[in-house]
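Structural characterization, general
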Amino acid sequence: MRRIHVGNALSAFGLGFTVPYLYVYVSEVRGLGAMTAGTVLAVFAVAALIVLPFAGRAIVRRGPLPVLVVALVLAAAGSMSLGLAGQSATVLLSAAALGAGQAVMQPALATMIVDCSTTETRSRAFATQFFLQNLGLGVGGLIGGHLVDTSDPASFTLLFAIEAAMFLVLVAVLATVRMPRAPRIEGAPSGADGTGWRQLLGNRAMVQLCVLGFVLFFACYGQFDSGLTAYGVQAAGISTSTLGTALAANTAMIVVAQFAVLKLVERRRRSRVIAAVGLIWTFAWAVAGYAGLGHGSQAMATAAFVSTYALFGLGEALLSPTVAPLVADLAPSGMAGQYNSAFALVKQLALAVGPAVGGPMGASLKAPYIVTFLLFSLGISVLAVRLGRHLTVVQDQPLAGRSRVVARGGKPAEPVPADV
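Just so it is clear, the model here is predicted, and its values are computed rather than measured.

About the cut-offs
- Residues numbered from 1 in each chain as written.
- Predicted model: local features only at pLDDT ≥ 70, side-chain atom pairs only at ≥ 80, totals over all residues.
- Heavy atoms only, no water.
- Helix = DSSP H or I, 4+ residues; strand = E, 2+ residues; numbered from the N terminus.
- Salt bridge = Lys/Arg side-chain N within 4 Å of Asp/Glu carboxyl O.
- Axes fitted to C-alpha atoms, helices over the stretch in contact; angles between N-to-C directions.
- Parallel < 35°, antiparallel > 145°, perpendicular 65-115°, else oblique.
- Contact = heavy atoms within 4.5 Å.
- Nonpolar A, V, L, I, M, F, W, Y, C, P; charged D, E, K, R; others polar.
- Left-handed = near helix turned anticlockwise from the far one by under 90°.

This part takes up the environment of Asp152. Take Asp152: it is sitting in the loop between α6 (122–147) and α7 (153–174). It is 7.6 Å that separates the C-alpha atoms of Asp152 and Val29, two residues lying 123 residues apart in sequence.

What follows is the structure, encoded as structure tokens:
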């Protein structure tokens, strides 16, 4: 588990070098224009949507480690190619390879963490992963900002080379990992017949969690770099430097709060923790409304806008030890890879739809934008409470009975009564 976390942190560190500067690199440094830069960002989402339905079946059949190694090599090749590309076609193909590799990493790493943890330790394991991811992205972005020079394409090539190297370092680290024997479905049917997907869609709790996950990612992550940014600039008069400060506040909140809230989260019902996140984000959107629609000073508007991002970070810190372990505990024996990939697919859909809806609204329909996403955040709380009624005792609160029996093969516990 320690080696998995170290490798995961290094890959996030590499991603931090390029993610904040990708748009500028394509549009300005390579001189390919805003249209191509926007298409590159769309290609990342499309590539993920294409590969994720097949990634789950591959993880189930082959195990997460071989699939992850292939994804890392593909991502490294795409990253290095992107750093050298000068034509639109090459840039788009490189972005597709990098996006596909990154997309498959998520469920593969999540499945490895599942296989190396127990029901009792899983929340802490995923919280550690999320903490290291954000720390790696933040440190990588900070160092990358000092290395990059928009007048020198070679400086961007260096950033992409560092990113590719970090992916390969993760391959080297994983080569030393000896995974425990996890259940595998031998002779599993191919993804074409849809057997795995039919089984997943027959799991009512998992379907409800996917719906809840879509709303979570749509109402938060899908707005960070699009609608909320446009709203801040247009309605609240926020400068670009303040946007950077807001993102830093989000990361700082996660780093500071992650382990502070972990013990609290571990001893609470997961469905109620997610419901609490919905209420926190509702308040965050109300604060954002004050920043852009209130009548305070510019200093007050700036403070409110930065606070919005910090509040979102607090919600993220509560979610990281809650949602991913719940996906794993809902999966039948040997099907964690399929379930992790399905949830990653839902996340990518939300991240694709969120900016398309939120961007135009945040820029031109300021009050409706705030009201819309405030209601979506309240919807998170409602959906979470409803989900809790379909979870077993151990799925909803693993430490309640100190039981290792989960819905992954053993006899399930009795459902939690709706009035508990």
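For side chains of opposite charge, pairing can occur when their charged atoms come near one another. Enumeration according to the criterion identifies four salt bridges in this entry. Several salt bridges share partner residues, and in doing so they unite Arg122, Arg270 and Asp329 into one network.

Glancing now at the packing of helix α17 (residues 336–364) against helix α18 (residues 366–388). Axis separation between α17 and α18 bottoms out at 6 Å; the angle between their running directions is 135°. On the basis of their axis angle, the class for α17 and α18 is oblique. For the pair α17 and α18, contact is made by Gly358, Met361, Gly362, Ala363 and Ser364 and by Lys366, Pro368, Tyr369, Thr372 and Phe373, respectively. The residue makeup of the contact of α17 with α18, split by class, is five nonpolar, four polar and one charged.

The N-to-C vectors of helix α11 (residues 227–234) and α18 enclose an angle of 140°; their axes lie 11 Å apart at closest approach. Overall, the two elements α11 and α18 adopt an arrangement that is oblique. As α11 packs across α18, the resulting crossing turns out to be left-handed. Packed against α11, whose contacting residues are Gly227, Leu228, Tyr231 and Gln234, the element α18 presents Lys366, Tyr369 and Ile370 at the interface.

Once that is clear, we can look at the environment of Ala288. Secondary-structure assignment places Ala288 in helix α14 (residues 270–293). As a C-alpha pair, Ala288 and Ala236 span 52 residues in sequence and 8.7 Å in three-dimensional space. Once residues within four sequence positions are removed from consideration, Ala288 is found in contact with Leu228, Tyr231, Thr308 and Ile370.

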